[in-house]
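# Overview (structure and organization)
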Amino acid sequence: MEEKIRQLTQACSEEISAAGSENALYAVRVKYLGKNGLISDLMKGMKDLTPQQRPVMGKLVNDARSALETEFTEKGNQLHEAELAQKLAAEKIDITINKGRSVGKLHPLNAVRKRLVDFFVSMGFEVMDGPEVETDYYNFEALNVPKDHPARDMQDTFFLGGNLLLRSQTSASQVRYMEDHKPPLKMISPGRVFRNDDDATHSPVFHQLEGLVVDKGITMCDLKGILDSFAKHFFGSDTKVRFRPSYFPFTEPSVEVDVSCSMCHGKGCKICKGTGWIEILGAGIVNRKVLKICGIDPDEYTGFAFGFGIDRIANIIHSIPHIKLLYENDIRFLEQF
Ligand code: DAH
């Protein structure tokens, strides 16, 4: 029996050394030290021994067992470390994979807004920020749109209850600015506005830029001069500007302003719907009533105002077919700019 123990121990040792994985090692362990393993089987043979031999053999088996246990543990640790190292190497994440690919940049809408603001600032306009939650007074009444005026229908407004609303036009900022500043004054007010509109060219949230100039002797010619420079700067030096008579309660006379289509140069194409012209903004000479409401003497001063959609300018510049694209933040769209 002693010889058998020696043989089994040696065989087991050899199999331990040969085991190439933790699973293989476990199988060897079960084969020798498991409940029905070869070493445990030896114990079953004890009953055939004499009472004197039993403790001697028992000790031999136990010693062999604990020696093998140590070998299993050592080999187990070795295999575990090797397998871990292999796994780490195989599953290594290359954090440099995006290196040099996408650099953050301004959203096309912000990029266009920045260019617009820079243009007007270079012409001496001051930039003003107005509140997005406005009172009925600044958004409508002070702009010569009383409560029952049909012109309110031009802008489907989100009323918030009480006297408050989400501003439907940045024109509200004109009034606030005139209240706080004495002429001569030149200001622009870019910002978010809100209307209950939703289709390819309208979004419930969009952006406008309001402009206002008040001084002695301001006329339509000044308005046309500024808008002409603006159009040439943004749509190309051969761009023409056209005024069409229109109506806004806060300007008198009022105009709608078109620029010649930069795609077809006036010949007519899909972008300008065959007309050769693209409507870009509303403008006019500030209504005397509005000046008076803001504490400016209309006999001494005159002014012009204009307002346009920044989204619309961005869409024209980049030929973007649907306003929603500007708001969905789809990376495939944004990467094109
Ligand atoms: N507030 C007008 C709108 O949202 C645009 C506009 C028209 C602004 C004429 C003006 C203006 O300052 O004079 O439709």
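The model shown is predicted, which means the values in this text are computed figures rather than measured ones.

### Some points on the pattern of salt bridges
- Evaluated as defined, the whole model comprises 19 salt bridges.
- In this structure, the salt-bridge partner of Arg6 is Glu3, at a minimum N-O distance of 2.9 Å. Taken together, the residues Arg6 and Glu3, both in helix H1 (residues 2-18) and three residues apart, mark about one turn of the helix.
- The exposure class of Arg6 is partly exposed, given its relative accessible area of 46%.
- One network of salt bridges, in which partners are shared, links Asp136, Glu141, Lys147 and Arg152.

### Some points on the domain arrangement of the protein
- Once the domains are mapped, the protein shows domain 1 (2-91) and domain 2 (108-334).
- On a C-alpha basis, the centres of domain 1 and domain 2 stand 87 Å from each other.

### Here we look at a nonpolar patch on the surface
- Side chains of Val133, Leu160 and Leu164 sit close together on the surface and give an oily, nonpolar patch of about 240 Å² of accessible area.
- When you line up the elements, Leu160 lands in strand S3 (residues 159-161).

### What about the sheet that holds strand S4 (residues 164-166)?
- The strand order across the open sheet formed by three strands is S2-S4-S3, and the pairing between neighbours is antiparallel. Both outer strands of the open sheet, strand S2 (133-135) and S3, are each paired with one neighbouring strand and no more. Taking the axes of each pair of neighbouring strands and ignoring which way they run, one obtains an average angle of 35° across the sheet.
- Bridge count between S3 and S4: two bridges; the pairing is antiparallel. Among the inter-strand pairings, Phe159 is bridged to a residue of S4, identified as Leu165.

### Quick word on the environment of Asn287
- Inspection of the secondary structure puts Asn287 in the loop between strand S9 (277-286) and helix H9 (288-293).
- Given a relative accessible area of 13%, Asn287 falls into the buried group.
- Apart from residues no more than four positions distant in its own chain, Asn287 is found in contact with Asn144, Pro249, Phe250, Thr251 and Glu252.
- A polar contact of 2.9 Å, which involves the side chain of Asn287, links it to the backbone nitrogen of Lys289.

### Comments concerning the site of the ligand
- Around the ligand, the structure places 16 residues, and the nearest of them are Gln169, Ser171, Arg195, Gln208 and Glu210.
- One of the side-chain nitrogen or oxygen atoms of Arg195 is found 2.7 Å away from an oxygen atom of the ligand.
- Between Phe306 and the ligand, the recorded distance is 3.4 Å, taken from a backbone N or O atom to an oxygen atom.
- Relative to its unbound accessible surface of 350 Å², the ligand loses 92% to contact with the protein.
- With respect to the detected pockets, the ligand is housed in the largest pocket.
- Of all elements in the fold, only helix H7 (171-180), strand S6 (205-215), S9 and strand S10 (302-309) reach the threshold of two or more residues within the shell around the ligand.
- A per-class count over the shell around the ligand returns five nonpolar, nine polar and two charged.

### Details of H7
- Burial analysis of H7 places seven of its ten residues in the buried class, which makes it a mostly covered element.
- Listed in full, the buried residues belonging to H7 are Ser171, Ala172, Ser173, Gln174, Val175, Tyr177 and Met178.

### Some words on the layout of surface pockets
- Here the largest pocket defines a volume of roughly 1400 Å³.
- His202, Glu279, Ile280, Gly309 and Arg312 are, among the 50 residues lining the largest pocket, the residues nearest its centre.
- Ranked by residue count, the leading element in the lining of the largest pocket is S9, at eight residues.
- Grouping the amino acids of the lining of the largest pocket by side-chain chemistry returns 24 nonpolar, 17 polar and nine charged.
- In this structure, the second largest pocket is lined by eleven residues; those nearest its centre are Val103, Lys105, Ile331, Leu334 and Glu335.
- Residue classes in the lining of the second largest pocket are distributed as five nonpolar, three polar and three charged.

Rules used in this analysis
Every chain is numbered on its own, with residues counted from 1 as its sequence reads. pLDDT decides what is reported in this predicted model: residues at 70 or higher carry local features, side-chain atom pairs at 80 or more are listed and counted, and totals for whole chains, interfaces and linings draw on all residues regardless. Side-chain metrics in this entry use all non-hydrogen atoms of the structure; hydrogen atoms and water are not considered. The term salt bridge refers to a side-chain nitrogen of Lys or Arg lying within 4 Å of a carboxyl oxygen of Asp or Glu. The secondary structure listing takes helices from DSSP runs of H or I that are at least 4 residues long and strands from runs of E that are at least 2 residues long, numbered from the N terminus. Only protein chains enter the accessibility calculation, which uses a 1.4 Å probe; a residue whose area is less than 20% of its type maximum is buried, one above 50% is exposed, and one in between is partly exposed. An automatic or database domain assignment provides the domain bounds reported here. Only residues whose relative accessible area exceeds 30% and that form no salt bridge enter a patch; like-charged residues are grouped when within 9 Å of one another, and nonpolar side chains (Val, Leu, Ile, Met, Phe, Trp, Tyr) when within 5 Å. Each accessible area is a Shrake-Rupley estimate made with a 1.4 Å probe; only the visible protein chains count as cover when residues are assessed. Here, any two strands with at least 2 DSSP bridges between them count as paired. Only the contacting stretch of a helix is used when fitting its axis, a line to C-alpha atoms as for every element, and angles between N-to-C directions run 0 to 180 degrees. In what follows, a contact means two residues having at least one pair of non-hydrogen atoms within 4.5 Å. In protein, a polar contact means a hydrogen-donor-capable atom and an acceptor-capable atom, both N or O and within 3.5 Å, with residues adjacent in sequence counting only if both atoms are side-chain atoms; elsewhere, any N or O pair within 3.5 Å suffices. We call a residue near a molecule or strand when any one of its heavy atoms sits within 4 Å of it. Using a grid of 1 Å spacing that covers the protein atoms alone, one calls a set of points a cavity when a 1.4 Å probe fits there but cannot get out, and a pocket when the set is open and has protein on both sides within 12 Å along at least five of seven lines; lining residues are those with an atom within 4 Å of a point. Put plainly, a molecule is in a cavity or pocket when over half of its atoms are within 2 Å of the grid points there. Each residue gets one label: Ala, Val, Leu, Ile, Met, Phe, Trp, Tyr, Cys and Pro are nonpolar, Asp, Glu, Lys and Arg are charged, and the others, such as Gly, are polar. Grid points are joined across faces, edges and corners, and a volume is the space filled by probe spheres set on the points.

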